[in-house]
Structure formats: C-alpha cells, structure tokens
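For reference, the chains in residue letters:
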Amino acid sequence: MPSLKSSSPSGLLLLGLLLLTVVGHTVAQSSRKRSSLNADWRFSRFVDNPDGLSYDTLKAWILPSSNDFITRAKYQRPTGTPPGSDVQYVKDSFDDSKWDPVTLPHDWAIKGPFGAPGVSGPEGKLPYNGVGWYRKTVKLGTGDVGSGKNLYLEVDGAMSYASVFLNGVLVGGWPYGYNAFRLDLTPYAKAGDNTLAIRLQNAPDSSRWYPGAGLYRNVWLVKVNSVHVAQYGTKVTTPSVSAGSATVDLSVTIENTSNSTKRVDLVTEVYEVDASTGKATGDAKATFKSISISVAGGSKQVVNSTTELSNPKLWGPAPEQTPNQYVAISKVSAGGNGTVDSVETKFGVRTLVYDGNKGLIVNGAHVYVKGVCNHHDLGSLGAAFNYRAAERQLQILLEMGTNALRTSHNMPAPELLDLADKYGIMVMGETFDTWKTKKVANDYHLLWDEWHEADMRSYVRRERNHPSIVAWSIGNEMPDQSSALGGQIATELQNIARQEDGTRKSTAGLNNAGPGTALVNVLEIPGLNYQGEGKGTSWNSTYPSFHSRYPDKMIWGTETASTVSTRGTYVFPVTSGKTAVVGPSAGENVTMQYVSSYELYHPSWAASPDKVFIQQDKYPYVAGEFVWTGWDYIGEPTPFDNTSRSSYFGIIDLAGFKKDRFWLYQARWRPDIPQAHVLPHWTWPDRVGKVTPVHVFTSGDEAELFVNGKSQGRKKTEPSEYRLRWDNVTYVPGEIEVVAYKNGKKWAEDSKKTVGSPAKLNVTADRTSIGNDGYDLSFITVAVVDKNGDTVPMASNAISFSIDGPGEIVSTDNGDPTDMVAFPSLTRKAFSGMALAIVRSKPGESGSLKVLATSSGLEGGEVVVRAG
Ligand code: GAL
C-alpha cells in the first residue's frame, strides 16, 4: 500500500524511543506500525464444503466491509451472533497442528497435480477450486488494544470470497479475489493470543484463465492511534508543471475514531526518492504549510494544501525519460501528544496529454505506447506474489523495449505498481473482465450489483498516487459493451475514477463495440481489441472509423496480436502470408500440441505481430498497442485448450525464456539496439534437401543470408515489412549466418549451426548473490549443450536438480505448455534444450547454495549462489 507506508523498522524504533520520552506531563504516543502477517499460518483445503458456510449465508456481515467505498446508503452490520461462530476452524480450541504450515503469499493450487477434477484447461487444470481455511495466532500486547488504539488487517489479495474471523467472530470479508481490502479488527481483538481464521472459497468455472487460490498476496497488521490518516487517505497531484517549478497539491483524510473531538496538526515535507534504495534522501525539497484542524470523534476530515517544488525532476517512461520519484512525508500530531501518525506517499511529477492525433504526450514529448498485457501469475510460482519474480518479468520486458503494461484483466499486487514506478513502465490499471453479464458461469457478474462500485472506487483510491498509472481500464470485452447498459455502466465507472483521481482518463478493451455505441460515445479513450488491425484474415481496420467519429479522443490497441507459438518448435510448410489463422495444417504440430515459432500464426480473431505493425503504422494517430501477451501464463492454452496447461500467447514463455518473437518486438521497439536474429535452429537430420525457410528479425534495414558461407542474397526491408525472409532455402547441415546493415553499414550478426548430440549441462544463474529473507530468488537456467558448448535445440533430457546449503528449490519449469509434471518436481525434462529451477535461501540463513543439475549419460553442471 504505497500511499501509507510505515517507516523503516529501525526508524520506527528510534521514533518510538523518542516519543516515549516524558515531555512535561504528557507521554507521547507511538506512531503507526505496519507489520507483515505472512509467517506461521496453518492451512487446509477441502474439495467439498467442510463447514456448511457459503457467501450467501455470510454476505450480510461481509457487505459492510465495503462501506468506505460506496456512496449509496451504508450497510449496517446485522445484530445477533454472526454465522460461522460454531464452526470448529474459527475456534481457539481447534487443533490445527495437522494442517500444512504455510508462509504467505501462498497459492494453494500451484503444487498441483495437474488434471484436477472439475478444472478445465482454460483454468489451468490445477486444483484452485474448493474451500480453503487459513489459521494463525496473532499476539498482541496490552498497549495494542483498548482505548485510543485501532487495529486493522490489510489483505492485498485473497482468492476468493474471503471471510475473516477473529477469536471466533466473523469480522467481515471481500469476495473479489483480485482486490485488496482492510478490516477493522479493533472490536474483536484482545491482549495476548488472538485466533485469526480466514475462509476462502473458489467455485469452478469462475475464470477464463488460472486465477490461483488462497492468501496469495501480502497480509499486514496495522496498528494506529485513534487519530490517524485514513485508509488510502492521501492524494498527491501536480496540476501545473514547468521546468522551473511544479505545483504539488496534497489532500489528507484524517480519521478520529475516538469519541471526543481532537485538535490535529498536520505537517508534510517533500523529499526526493533515492532510485536505488527507494527511500527519502537529502533535505526536504518543499514543505506544505502546517495545518491545524479539529476533528470530531467518530468522523473523518479532509485537509487540502499546496506547495511549489523548484526545478522538479520529472517521472517519465524508460528508456527515453527517467522515472524520478518524490515522497511526501506527513506527520500528524494530536492534542499536544506529539506525532500520533506518520505516512509516506510516493509520487511523481509529470504531465500527461491524451491527444486524438498525436497519441500520448508525457512531459511534452510524444511517447509511442509499446505495451504488453500480462496476467498476474508468475509461472511455476503461481499466483503467489513474489517481488523478485515480478521484477524479473518487468526486466525482461524492458530489455525488449516494452514501456507499458496492461494488468489484464484485474487489479495487480500493490508492489507491481511500485516496480513500475521504479523502472519507468506506464501502466493501464484494469479492473474487470466482466460487468453485469457473464462470460463463464461463476465469474464476477455474480458480484456485480453489490460490489462493482466498491471494487472500482477502492482500487483507484489505493493506487492513484503511482506515477506509472497512465490510464484506468474499466473493463475487458464485456458482453454488455454494445448495449445501452454498456453506456450507463461506463459512465458510472468513469465517474468513480474522476471522483477518486481525476488526473487520468479511462479506457476499456473493446472487441465488438464500434463507433456510435452508447459505451464508445462516453468512453474517454476508446481501446480496440483486435478490431484495430482487422480480425483474422480480414484487413479491415476500425481505427479510421473510430478516429473520424471521435477526432479528439486518443485511441489505442488495448489488446493486439494474440500470436501463438511454442518456443523453439518449427512446423513446415511455413505460410507464405504475413499472417495466418492457426490450424492443423497451419502452424500446428497436432501430435505434440505445439505451434510453430515462425511467429505468423494466431486464432481466428487475432493477428501476427507483422500485421499489427502494418496497421498501426498506417494510422499514426493510434497511440500504440498492448500485445497479448508479454509472458505466457497458466491456463487458456489456445489452440489446445483441452489438453495443455499454459498459454501459447506469450512473447516470453512460462519459464521466462525468450521465444523468437522477442527479437521481432525488440527490433521495432528498440531500433537503437543493434540486433539481428535468425530462425529456425539449424539441426534438422530429417530435413536434408527439404525447403526450410529462414526468417530474420533485425533493427537494421538490410541483411544478407549465408548458408555454409554461400550468399543467399541481400534483402532490404521494404515498407510494410518487419522481417526479412528467405523462404526457399534448402536445408543442408552446417551453418546459417546473417549479416545485417543499417544505412549501408554493418550493424549486427547472428548465426545458427548444426549441433551434435547432448553432452553436458550448462548451468547459469540470473543472480549469484541473493538476500536471505526467504523471498529473494535466483533463477537457474540449464542448457543441454553438445561437446562444443552449443545448445541442442531439440534436447528433452530429463534433468535432476539438487541443492547443497541453506536453501531450497521452489519449483522447476521448461516453458513447455504440455508438460504436466507438477511444478515442485526436482526432475524436469529439458524443453527445446532448456530448463529452469527457482531457488531461494532458508529465511535468515546465510551461506553458499550450490545448485546441481544432473542427467543420465551427460556431464552434470552446477552454479553457486551466495545467500545472505
Ligand atoms: C481476448 C481476451 C483475452 C484473451 C485473448 C486471447 O479476446 O480479452 O483475455 O482471452 O482474447 O486471444
């Protein structure tokens, strides 16, 4: 929760010591404390309902949890004994010692096995369904409870239909699994041991992809005094920005939960954020005038203030701009008792203009949107949020030249936005995949009427200070998009975004709605899914009709391409077209359930990257695109929906290995990086004498191909060409080499050669030094190589992993969408010559972790990772 960060632990200690000093007759109170509740949980999953509870029976007690985010009449907590108090799992006396010990974030389904009864291929075949109970003892001191104290539970995401019990009493809950929520534990807490129990329930057929299951994001305990900054209670905007100065507006909501009026003083100073530590640095760069107000007991009051920041360092997207950040540190004192609360709000100074003709203008400069859509899972780690795994996803995307991310189709973990702020990635923050009308039987439409306002409002309020957010997405391909209802809902959701933020415009991903529909008439940024490039075999773009009807509205491709491929696999013959609908005789290897990596194939509604580029370039007023998808994800394995486990859409596979498409996008998005990439691999014992097309992706403008040193001709990229292709090459063993040129000068080279049989394992780590908090990770890649050290492109040797030292192998993968071996397995077959193991230290332990990889008949390999 970036807007309400607590101080560092050492800072808190110091502050606490200072505040406990007796000043005259008053003893200063300590400030807010936010601590992780991730450790020491017990967990059990039940396929059949073990407790007779359901959302319907709990709902009346859960709905009041949304009260801070609804403008209609507030829900009253029903009187009487809440349901569930007789369920054994909520009771202090229940013996949970036989349940699984778990640390959060935890995805109960990711360990598998695949093939869970009742779970479809699109949902990832993993056992996410059923009821899950989590229990934990929370120890509280006498100073934590009682008059003048508030205790809150903050859950960054729980999949799904969470209901929370403290000491046997139902406190509240939140059904939408992607949203964060906070519950007030104060009335139910006591000094000593408290039993916290959380019930989750996932109906099958509730998602079009793998949703994950459990307490899969961070969980926090927040202790504050009765006078404090309210939840998501700060808002920073920069309404006017010039090189010399920026106006910074601050609004702070102060809450007083005591029963008497309190005199409250607020002081806020602005500091620069050090890019490497993420912390305030140097002297204050600006100060807001201190403000004194009276806040009545049991009420909230908003305080507004403004200041000027000289020579502001702007936040802008990488690589052209720099993502500078500031932090506003607000200190609240009350009734002469010294500081009673302190919150940090990170923000960025930047301007955004959404231009109907030019696209997106950030800080006065046009920024073409080079975006990808991603789902929330982290491959073999599942939905369980992990900072390092998310950071790795973004780093590999940045290497490709990505400057924008769509969090399809839901709110991300809060830390993902911290990462986007830090790395300078623009974010389209999305909320819903369905509105009132369903896509699948048990999706969000069941919650729509009662929850959509709270979900939309709380999300925007929570994340509005992140400079990375450049647009709110109010939905994706909603079945209501073309109806009159679509217009009403869009109006309502956009209004919520304006009320809570007002500095970004809203968009939605529309695959059907056209110009003139009620929704598009009101939508601030029309977002086109696939219709912009023309669906499938059609080249009819709807960009012109949108642009001519709404010349002042910026438009963009909210979802493009949906090209499918399986890393390192190639299927012949290759289409001669620039784009082709995938099928048994077009790109599919039906036997293996793979799709060709010539990167030209896609489902009937979609397109190749080349086609998208052609159409985007034809209509330069289009602000850019969000490719479906940056990374492969679990579930939705089109075109093999029933048999495979994970998607084929990613530019990067599920293990994090680059497919050929990576270089096609890099060539377009980072034309400054000298680069050439030749495909396919060149080890085809059964293709001698057969036509084997060779394609080249390059940031150059011309290239020459050589087969065993013999030129196959030099080709220039013509307008509307994004790859160079030599489609009539006959395969002979040896080597293919490409030399690329730019402006007539040599620019880059690449080659592929015929390799020998597997001889050994080459083991490398993305980081050989990691932290020992139990969360930091090293990603270990194993390549099966021949005696010369060249990766064997079709190798599928079974690799066994082991580790020496104070660490563990969390999971393994290879990016093969058909591999049904459970992710924790220590044996993993290489796929297209490669496999991955993810390693972490034991919490708090330091030392060398030696990761070994062995395979029968091959020379093994190892790498040492230092933890601590
Ligand atoms: C879109 C949808 C995405 C994904 C994609 C696959 O229509 O919005 O969630 O299903 O198709 O091509």
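Because the structure is predicted, anything quoted here is derived from the model rather than measured.

### Re the nonpolar core
Proteins that are soluble and globular tend to have nonpolar side chains buried together. If you look at the biggest cluster of nonpolar residues, it comprises 196 residues, and the most contacted ones within it are Trp133, Tyr134, Trp435 and Trp556. For this core, the element with the highest residue contribution is helix α3 (residues 387–400), accounting for seven residues. Not counting residues within four places of it along the chain, the set of residues in contact with Trp435 comprises Tyr444, His445, Trp448, Ile474, Gly475, Met478, Asp480, Gly486, Ile489, Ala490, Leu493 and Leu519. In terms of nonpolar packing, the next biggest core, distinct from the first, is built from 26 residues, Val270, Ala334, Val340 and Val343 among them.

### Structural notes on the packing of α3 against helix α10 (residues 661–669)
The N-to-C vectors of α3 and α10 enclose an angle of 60 degrees; their axes lie 8 Å apart at closest approach. Viewed along their axes, α3 and α10 adopt a mutual orientation that is oblique. Contacts between α3 and α10 involve Ile396, Glu399 and Met400 from the former and Phe662, Tyr665, Gln666 and Trp669 from the latter. Residues of the contact of α3 with α10, tallied by class, amount to five nonpolar, one polar and one charged.

### A few points about the site of the ligand
Near the ligand you find Arg208, His409, Asn476, Glu477, Tyr530, Glu559, Ser562, Trp605, Trp628, Glu636 and Phe649, and these make up its full shell. Asn476 has a polar side-chain atom sitting 2.9 Å from an oxygen atom of the ligand. Glu559 is positioned such that a nitrogen or oxygen atom in its side chain is 2.9 Å from an oxygen atom of the ligand. For the ligand, the protein covers 95% of the area, taking 310 Å² as the surface of the free molecule.

### Topic: the domain arrangement of the protein
Each assigned domain of the protein is listed here: domain 1 (12–24 + 227–352), domain 2 (39–217), domain 3 (368–564 + 600–636 + 648–654), domain 4 (676–753) and domain 5 (760–867). Between the C-alpha centres of domain 4 and domain 5 there is a distance of 32 Å.

### Topic: empty space enclosed by the protein
If you walk through the whole model with that rule in mind, you get five cavities of 30 Å³ or more. If you trace the largest cavity, you find 19 residues lining it, with His375, His376, Gln393, Pro412 and Leu416 closest to the centre. Its residues assigned to classes, the lining of the largest cavity comprises ten nonpolar, seven polar and two charged. Taken as a whole, the second largest cavity holds about 70 Å³ of empty space. Lining the second largest cavity are 13 residues, with Leu378, Arg392, Trp631, Leu654 and Phe779 positioned closest to its centre. Listing elements by their share of the lining of the second largest cavity, those giving two or more residues are α3 and β48 (834–841). Ranked by the residues each element gives to the lining of the second largest cavity, the list is headed by α3, at three residues. For the lining of the second largest cavity, the per-class residue count stands at nine nonpolar, three polar and one charged.

### Here's the deal with the pattern of salt bridges
Under the criterion given, the structure shown has 44 salt bridges. The partner of Asp727 in a salt bridge is Arg725, with the nearest N and O atoms 2.9 Å apart. Judged by its relative accessible area of 24%, Asp727 falls in the partly exposed class. Judged by its relative accessible area of 17%, Arg725 is buried. Between Lys746 and Glu749 there is a salt bridge; the shortest N-O distance is 3.6 Å.

### Quick look at the UniProt feature "domain: DUF4982" (unreviewed entry) in the protein
Mapped onto this numbering, the UniProt entry gives "domain: DUF4982" (unreviewed entry) at residues 689–748. Secondary structure within residues 689–748 divides into 0% helix and 55% strand; the distance between the first and last C-alpha atoms comes to 29 Å.

### What to know about the packing of aromatic side chains
Tallied over the entire structure, the rule returns 41 aromatic pairs. On the basis of an interplanar angle of 25 degrees and a centroid distance of 5.6 Å, the ring pair of Phe43 and Trp108 is categorised as stacked. Of the two residues, Phe43 is situated in strand β4 (residues 41–46) and Trp108 in the loop between β5 (100–102) and β6 (130–140); the sequence distance between them amounts to 65 residues. Judged on exposure class, the residue Phe43 and its partner Trp108 are both buried. Among the aromatic residues, ring-to-ring pairing joins Phe46, Tyr89, Phe94, Trp99, Trp133 and Phe165 into one connected group. For Arg34, the ring lying beneath its charged end belongs to Trp220, and the centroid distance is 4.1 Å.

### A word on helix α2 (residues 55–62)
Looking at α2, one finds that the buried residues are Tyr55, Leu58, Trp61 and Ile62. Buried residues of α2 fall within an arc of 115 degrees about the axis and therefore sit on the same side. Contacts made by the buried residues of α2 are with β8 (162–166), β9 (169–174) and α5 (448–463).

### Examining the packing of helix α9 (residues 609–618) against α10
At a minimum axis distance of 11 Å, the contact between α9 and α10 shows a crossing angle of 20 degrees. Between α9 and α10, the interaxial angle falls into the category roughly parallel. Handedness of the crossing formed by α9 with α10: right-handed. Judged by residue contacts, Pro609, Asp610, Phe613, Gln616 and Asp617 of α9 engage Arg661, Leu664, Tyr665 and Arg668 from α10. Its residues assigned to classes, the contact of α9 with α10 comprises four nonpolar, one polar and four charged.

### A look at the environment of Gly121
Mapping Gly121 onto the fold places it in the loop between β5 and β6. Relative accessible area serves as the criterion here: at 4%, Gly121 is assigned to the buried category. Placed 523 residues apart in sequence, Gly121 and Ser644 show a C-alpha to C-alpha distance of 6.4 Å. Residue contacts for Gly121: discarding those within four places in its chain leaves Gly635, Glu636, Pro637, Asp641 and Ser644.

### A word on the pairing of strand β37 (residues 702–707)
Burial analysis of β37 places six of its six residues in the buried class, which makes it a mostly covered element. The pairing of β37 with strand β38 (residues 710–716) spans five bridges and is antiparallel. Bridge pairing in β38 places Ala703 opposite Lys715. Once β37 ends, the chain turns through two residues before running back antiparallel as β38, passing Asn708 with a positive phi of about 45 degrees. As paired strands, β37 and strand β40 (residues 735–742) are joined by six bridges and run antiparallel to one another. Its bridge partner being in β40, Ala703 is matched across the sheet by Ala740.

### Here we look at the sheet that holds β38
Spatially, β38-β37-β40-β41 is the arrangement adopted by the four strands of the open sheet, whose pairing is antiparallel. On the outer flanks of this sheet lie β38 and β41 (745–753), each paired with one strand and no other. Between one strand and the next, the sheet's axes are offset by a mean angle of 15 degrees, whatever the strand orientation. Pairing analysis gives eight bridges linking β40 to β41, with the strands arranged antiparallel. Bridge pairing links Tyr741 to Lys746 in β41.

### Some thoughts on the side chain of Arg388
Along the chain, Arg388 falls in helix α3. Among the polar contacts listed, one links the side chain of Arg388 to the side chain of Glu391, at a separation of 2.9 Å. Within the structure, Arg388 has its side chain in polar contact with the side chain of Gln395 (distance 2.9 Å). Excluding anything up to four places from it in sequence, Arg388 contacts Gln395, Asp766, Arg767, Asp776, Leu777 and Phe779.

### A word on the side chain of Asn511
Mapped onto the elements, Asn511 comes out in the loop between β27 (505–510) and α7 (518–522). The exposure class of Asn511 is buried, given its relative accessible area of 17%. A polar contact is formed between the side chain of Asn511 and the side chain of Gln481, at a distance of 2.6 Å. Sequence-distant contacts of Asn511, that is, excluding residues within four places in its chain, are made with Glu477, Gln481, Asn529, Gln531 and Lys535.

Basis of the calculations
- Note on numbering: residues in each chain are counted from 1, in written sequence order.
- The predicted nature of this model means local features are confined to residues of pLDDT at least 70 and side-chain atom pairs, given and counted, to a pLDDT of 80 or more, with totals for whole chains, interfaces and linings taken over all residues.
- Heavy atoms from the whole structure form the basis of all side-chain values; hydrogens and water molecules are not counted.
- Buried Ala, Val, Leu, Ile, Met, Phe, Trp, Tyr and Cys residues that are joined via side-chain atoms within 4.5 Å together make up what is termed a nonpolar core.
- Remark: exposure states derive from per-residue accessible area (1.4 Å probe, protein chains only) relative to the maximum for the residue type, with buried under 20%, exposed over 50%, and partly exposed in between.
- The way it works is that DSSP assigns letters per residue, a run of H or I at least four long becomes a helix, a run of E at least two long becomes a strand, and they are numbered from the N terminus.
- Any two residues whose heavy atoms approach within 4.5 Å at even a single point are treated as in contact.
- For every element, the axis is a line fit to its C-alpha atoms; helices are fit only across the contacting stretch, and the angle between N-to-C directions ranges from 0 to 180 degrees.
- Oblique is the label for every angle not falling under 35 degrees (roughly parallel), over 145 degrees (roughly antiparallel), or within 65 to 115 degrees (roughly perpendicular).
- We call Asp, Glu, Lys and Arg charged. Ala, Val, Leu, Ile, Met, Phe, Trp, Tyr, Cys and Pro are nonpolar, and the rest, Gly among them, are polar.
- Residues are counted as near a molecule or strand when any one of their heavy atoms sits within 4 Å of it.
- Think of a polar contact as two N or O atoms within 3.5 Å of one another; within protein, one of them needs to be a possible hydrogen donor and the other a possible acceptor, and neighboring residues in sequence only count if both atoms come from side chains.
- Only the protein chains shown count as cover for residues, and all accessible areas are computed by the Shrake-Rupley method using a 1.4 Å probe.
- Annotation comment: domain bounds sourced from an automatic or database domain assignment.
- With a 1 Å grid laid over protein atoms only, a set of points is called a cavity when a 1.4 Å probe fits there but cannot get out and a pocket when it is open yet has protein on both sides within 12 Å along at least five of seven lines; lining residues have an atom within 4 Å of a point.
- Grid points are joined across faces, edges and corners, and a volume is the space filled by probe spheres set on the points.
- The term salt bridge refers to a pairing of a side-chain nitrogen on Lys or Arg with a carboxyl oxygen on Asp or Glu at a separation within 4 Å.
- UniProt positions are given in the numbering used here, feature names are shortened, and annotations may be inferred rather than shown by experiment.
- Any two rings among Phe, Tyr and Trp, with Trp reduced to its six-membered ring, count as a pair given centres within 6.5 Å; such a pair is stacked if its planes are under 30 degrees apart, edge-to-face if over 60, and tilted if neither.
- Note on geometry: a ring has a charge over it if NZ (lysine) or CZ (arginine) is within 6 Å of the ring centre and within 35 degrees of the ring normal.
- The arc in question is the one traced by the directions running from the helix axis out to the C-beta atoms.
- Take the far helix as the reference: if the near one is turned anticlockwise from it by less than a right angle, the crossing is left-handed, and if turned clockwise, right-handed.
- Two strands qualify as a pair provided DSSP detects at least 2 bridges between them.

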